[in-house]
Amino acid sequence: MERVGLFIAGVQKAGTTSLDAYLRLHPGLIGPSVKETHVFDDETLDWSQPPDERLHAFYPPARRDELRFEATPITSFWPPALARVRRYNPHARIVIILRDPIERAWSQWCMQRHHGTEPLAFAEAIREGRRRLEAGAPESAWRLFSYVERGMYAAQLRRALMLFSDKQVLLLDHATLFRDVAGALRRIADFANIAPFPRVPHIRANSNPYPQDGPSPADIAYLRGVFAEDAREAVQLAGIEASHWPTLQDGPTLESSTMSWSGMR
């Protein structure tokens, strides 16, 4: 059975749902029956006997010259997941989209508020709320409330680049990606060694309501202090241009960000 060869492995709230929709428009790419299979981050499975059939059940029968892809953005964040991907397919190609970590944290919090799973205000969630993720915290807390933790990209990138060769990892910036979708899809096609994409419509998927005012200047300043050093390392590892990231700027607001709060997810 043909193995999945292309993984959109991260990060959450960086446009992976929209990218999944774009990939499904390519005649040579085959996606699963659900957007996120959540196989490689499933701790209920017996990983001494990798559950390949569990993953393959999401796909139609394989055809020649078709490449199966999968997009579960927690894969880069969940510590064992990428190693499981490598064990499943050591030749896999990995795409990770990075987004300014302050924007990403705000977007995740807005999503959880919209879903009714987050009772805390943003200011509290990124400060005292992090205690929910202390040692012994339930797995669900790490999935729902990891607003700050998921934005620590450097360790995620080091793990990806340790497990896969440079030629197997494509690192993109969220804002740049969606400013030039056609250009990004050309890069992905070259990376995956597939034919060019056809012309595609504009897709804006998985958009949640956002409060109009955004994070407070105090929240932005606090998160800059938390994220800045890690973000600089991550940008260097990724080799992306990120001068537009609010985390790496000095102003008190996010008005200079190239992506609005209600932009691509």
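Above this text is the structure in question.
Predicted model, so just to flag it, every value in this text is computed and none were measured.

Caption draft 1: View of the pattern of salt bridges. Tallied over the entire structure, the rule returns twelve salt bridges. Among the ionic pairs, Arg158 bridges to Glu233, the shortest N-O distance being 2.5 Å. Pair noted here: Arg158 is in helix H7 (residues 153–163) and Glu233 is in helix H10 (residues 217–238), with a separation of 75 residues, a long-range link. We classify Arg158 as partly exposed; its relative accessible area is 42%. The partly exposed category is assigned to Glu233, whose relative accessible area is 33%. Salt bridges here are not isolated pairs; linked through shared partners, they connect Asp41, Glu139 and Arg143.

Caption draft 2: Quick look at the side chain of Glu70. For Glu70, the location among the structural elements is in strand S3 (residues 67–71). Nearest to the buried, unbridged Glu70 among oppositely charged side chains is Lys35, at 8.4 Å. A polar atom in the side chain of Glu70 sits 2.3 Å from the side chain of Thr72. Residues in contact with Glu70, not counting those within four places in the same chain, are Val4, Leu6, Phe7, Ile8, Pro32, Glu36, Thr37, His38, Leu55 and Tyr59.

Caption draft 3: Expanded view of helix H3 (residues 81–88). Among the residues making up H3, those that are buried are Ala81, Leu82, Arg84, Val85 and Tyr88. What you see down the axis of H3 is that its buried residues fit within an arc of 155°, all on one side.

Caption draft 4: Here's a closer look at the packing of aromatic side chains. Tallied over the entire structure, the rule returns eight aromatic pairs. Between Trp106 and Phe122, the aromatic rings sit 5.1 Å apart at their centres with planes inclined by 85°, giving edge-to-face as the arrangement. Taken together, the residues Trp106 in helix H4 (residues 101–115) and Phe122 in helix H5 (residues 122–125) connect sequence positions 16 residues apart. Note on Phe122: relative accessible area 4%, which makes it buried. Among the aromatic residues, those joined into a ring-pair cluster are Phe7, Phe40, Trp47 and Tyr88. When the ring centre of Tyr222 is taken as origin, the NZ or CZ atom of Arg127, which lies over that ring, is 4.5 Å away. One Lys or Arg, Arg143, reaches over the ring of Trp78 and ends 4.3 Å from the middle of that ring.

Caption draft 5: Highlighting the packing of helix H1 (residues 16–23) against helix H9 (residues 181–192). Interaxial distance between H1 and H9 falls to 12 Å at its minimum, and their mutual angle equals 70°. One element, H1, and the other, H9, form an angle in the roughly perpendicular class. Remark: the crossing between H1 and H9 carries right-handed chirality. In contact with Leu19, Tyr22 and Leu23 of H1, H9 contributes Val181, Leu185 and Ile188. Considering only residue class, the contact of H1 with H9 consists of six nonpolar, no polar and no charged.

Caption draft 6: View of the pairing of S3. Where burial is concerned, most of S3 is hidden: five out of the five residues are buried. Neither face of S3 is left uncovered, since the one carrying Leu67, Phe69 and Ala71 and the one carrying Arg68 and Glu70 both have all their residues buried. Pairing of strand S1 (residues 6–10) with S3, which is carried by three bridges, proceeds in the parallel orientation. By the bridge assignment for S3, Phe7 is matched with Glu70. Note: strand S2 (residues 29–30) against S3, two bridges, orientation parallel. Its bridge partner lying in S3, Leu29 is registered against Leu67.

Caption draft 7: Region of interest: unusual backbone geometry. A cis amide bond links Gly10 with the next residue in sequence, Val11, at an omega value of -10°. Locating Val11 in the fold gives a position in the loop between S1 and H1. The backbone phi angle of Lys13 is positive, close to 65°, even though this residue is not glycine. Considering the arrangement of structural elements, one finds Lys13 in the loop between S1 and H1. Positive phi is not limited to glycine here, since His38 has a value of about 50°. Secondary-structure assignment places His38 in the loop between S2 and helix H2 (52–56).

Thresholds, definitions, all that
Residues numbered from 1 in each chain as written. Predicted model: local features only at pLDDT ≥ 70, side-chain atom pairs only at ≥ 80, totals over all residues. Heavy atoms only, no water. Salt bridge = Lys/Arg side-chain N within 4 Å of Asp/Glu carboxyl O. Helix = DSSP H or I, 4+ residues; strand = E, 2+ residues; numbered from the N terminus. Buried < 20%, exposed > 50% of the residue type's maximum accessible area, 1.4 Å probe, protein only. Lys, Arg positive; Asp, Glu negative; His and termini not counted. Polar contact = N/O pair within 3.5 Å; in protein donor to acceptor, adjacent residues only side chain to side chain. Contact = heavy atoms within 4.5 Å. Arc of directions from axis to C-beta. Phe/Tyr/Trp six-rings, centres within 6.5 Å; stacked < 30°, edge-to-face > 60°. Lys NZ or Arg CZ within 6 Å of the ring centre and 35° of its normal. Axes fitted to C-alpha atoms, helices over the stretch in contact; angles between N-to-C directions. Parallel < 35°, antiparallel > 145°, perpendicular 65-115°, else oblique. Left-handed = near helix turned anticlockwise from the far one by under 90°. Nonpolar A, V, L, I, M, F, W, Y, C, P; charged D, E, K, R; others polar. Pairing = 2+ DSSP bridges.

Interpretation in functional terms is not warranted from these geometric data alone.
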